[in-house]
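Working through the structure, step by step
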Amino acid sequence: LIVIDTISRALGRADQMDLADMNVCMGTLQRLAIERNVTILLIDHHRKGAGNGDGDPIDDVMGSTGKAGVADAALGLYRKRGEKTATFKVTGRDIEERELAIDFDHETGCWQLLGTASGVKADTIQSSILDALEEMGGKATAAKLASWLDRDRANVRKELLELVNKGVIKRNDKVGRDVIYELAQ
């Protein structure tokens, strides 16, 4: 794995707005990766104004689109100023496009997955359920989650079904009459 942080700085005096220059530079890096059987991770910044979360990881790369043209995948981290959560967007040739809701954990210094960006917002009962599931080893019944969270069982069950529909968790086997819910990963 080769990490270049940031590609704009590493390019030096190359004209990042020139499509031909960027195609040559990025093509050279791509050839190196293929010939040496390595992964090259290029880190760059988005254009100003792209931090609102509505952007596109390819279109928002600073400079010519030639910088992103040869990439097998592009990842973009979008966070509105002052907000705790962010959206992590993934797009590429051989991967499924995804938008994930993430939250920065200051204790660990790591981003934590909250679920798909289309659904799970921070500081909601759904995010509390996901946190509880994680703390409980990834699996639990609605009754155990309701007890853990000190919430009404019917409300927790309703939120669990919404999380299942969003693909964030899945229904598993039953214990008696209770369904076991599991984090989908």
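This text follows the structure it describes.
I will try to describe carefully the structure that is included in this document. (Residues numbered from 1 in each chain as written. Predicted model: local features only at pLDDT ≥ 70, side-chain atom pairs only at ≥ 80, totals over all residues. Heavy atoms only, no water.)

Considerations on the overall build of the chain
Regarding its fold elements, the chain presents 6 helices and 9 strands. Relative to the globule expectation of 16 Å for 185 residues, the C-alpha radius of gyration of the chain, 21 Å, shows a markedly less compact shape. In terms of principal-axis extent, the alpha carbons of the chain reach across some 65 × 35 × 30 Å. Across the 185 residues that make up the chain, the buried fraction comes to 35%. Partitioning the intrachain contacts of the chain with sequence separation of at least 6 by distance along the chain shows that 39% fall at a separation of at least 24. Of the roughly 11,900 Å² of accessible surface on the chain, 47% is carried by carbon and sulfur atoms. Positive and negative side-chain charges of the chain, numbering 26 and 30 respectively, have mean locations separated by a distance of 3 Å. (Helix = DSSP H or I, 4+ residues; strand = E, 2+ residues; numbered from the N terminus. Rg over C-alpha atoms; globule rule 2.2 N^0.38 Å. Buried < 20%, exposed > 50% of the residue type's maximum accessible area, 1.4 Å probe, protein only. Contact = heavy atoms within 4.5 Å. Areas by Shrake-Rupley, 256 points an atom, 1.4 Å probe, with all protein chains shown as cover. Lys, Arg positive; Asp, Glu negative; His and termini not counted. Charge placed at Lys NZ, Arg CZ, Asp CG, Glu CD.)

Observations regarding the layout of surface pockets
Looking at the largest pocket, its volume works out to about 1,200 Å³. Lining the largest pocket are 35 residues, and of these Leu41, Leu42, Ile43, Ala74 and Leu75 sit closest to its centre. Among the secondary structure elements, those contributing two or more residues to the lining of the largest pocket are α2 (19-36), β2 (40-43), α3 (66-69) and β3 (73-78). Tallied by class, residues from the lining of the largest pocket come to 22 nonpolar, 6 polar and 7 charged. (1 Å grid on protein atoms, 1.4 Å probe; cavity = no way out; pocket = protein on both sides within 12 Å on 5 of 7 lines; lining within 4 Å. Points joined across faces, edges and corners; volume = space filled by probe spheres on them. Nonpolar A, V, L, I, M, F, W, Y, C, P; charged D, E, K, R; others polar.)

Structural notes on α2
Here α2 spans 26 Å end to end across 18 residues, near enough to the 26 Å set by a 1.5 Å rise per residue. Among all positions of α2, only Met22, Met26, Gly27, Leu29 and Ala33 are buried. Here the buried residues of α2 occupy an arc of 165 degrees about the axis, which is enough to place them on one side. Counted as exposed and oriented over 90 degrees from the buried face of α2: Val24, Glu35 and Arg36. In this structure, the buried side of α2 is in contact with β1 (2-5), α1 (7-10), β2 and α3. Just beyond α2, the residue with positive phi is Asn37, at close to 55 degrees. (Expected span 1.5 Å × (residues − 1). Arc of directions from axis to C-beta.)

Brief notes about the sheet that holds strand β5 (residues 98-105)
What the 4 strands build is an open sheet, ordered β3-β4-β5-β6; its pairing is antiparallel. Strands at the two margins of the open sheet, each flanked by one partner only, are β3 and β6 (110-116). This sheet shows a mean twist of 30 degrees between the axes of neighbouring strands, independent of strand direction. Pairing of strand β4 (residues 85-92) with β5 involves 6 bridges; the strand directions are antiparallel. Looking across to β5, one finds that Phe88 is bridged to Leu100. (Pairing = 2+ DSSP bridges. Axes fitted to C-alpha atoms, helices over the stretch in contact; angles between N-to-C directions.)

Re the pattern of salt bridges
Under the definition given, this model contains 6 salt bridges. Put simply, Arg93 and Asp72 hold a salt bridge, and the shortest N to O gap is 2.3 Å. Remark: Asp72 occurs in the loop between α3 and β3 and Arg93 occurs in the loop between β4 and β5; sequence separation between them is 21 residues. Overall, the relative accessible area of 52% leaves Asp72 in the exposed class. With its nearest N and O atoms 4.0 Å apart, the salt bridge here joins Glu162 to Lys158. Highlighted residues: Glu162 and Lys158, both in helix α6 (residues 153-166), separated by 4 residues, approximately one helical turn. Owing to a relative accessible area of 45%, Lys158 belongs among the partly exposed residues under this scheme. Linked through salt bridges whose partners overlap, the residues forming this network are Lys158, Glu159 and Glu162. (Salt bridge = Lys/Arg side-chain N within 4 Å of Asp/Glu carboxyl O.)

The quantities given are spatial measurements derived from coordinates; they are silent on function.
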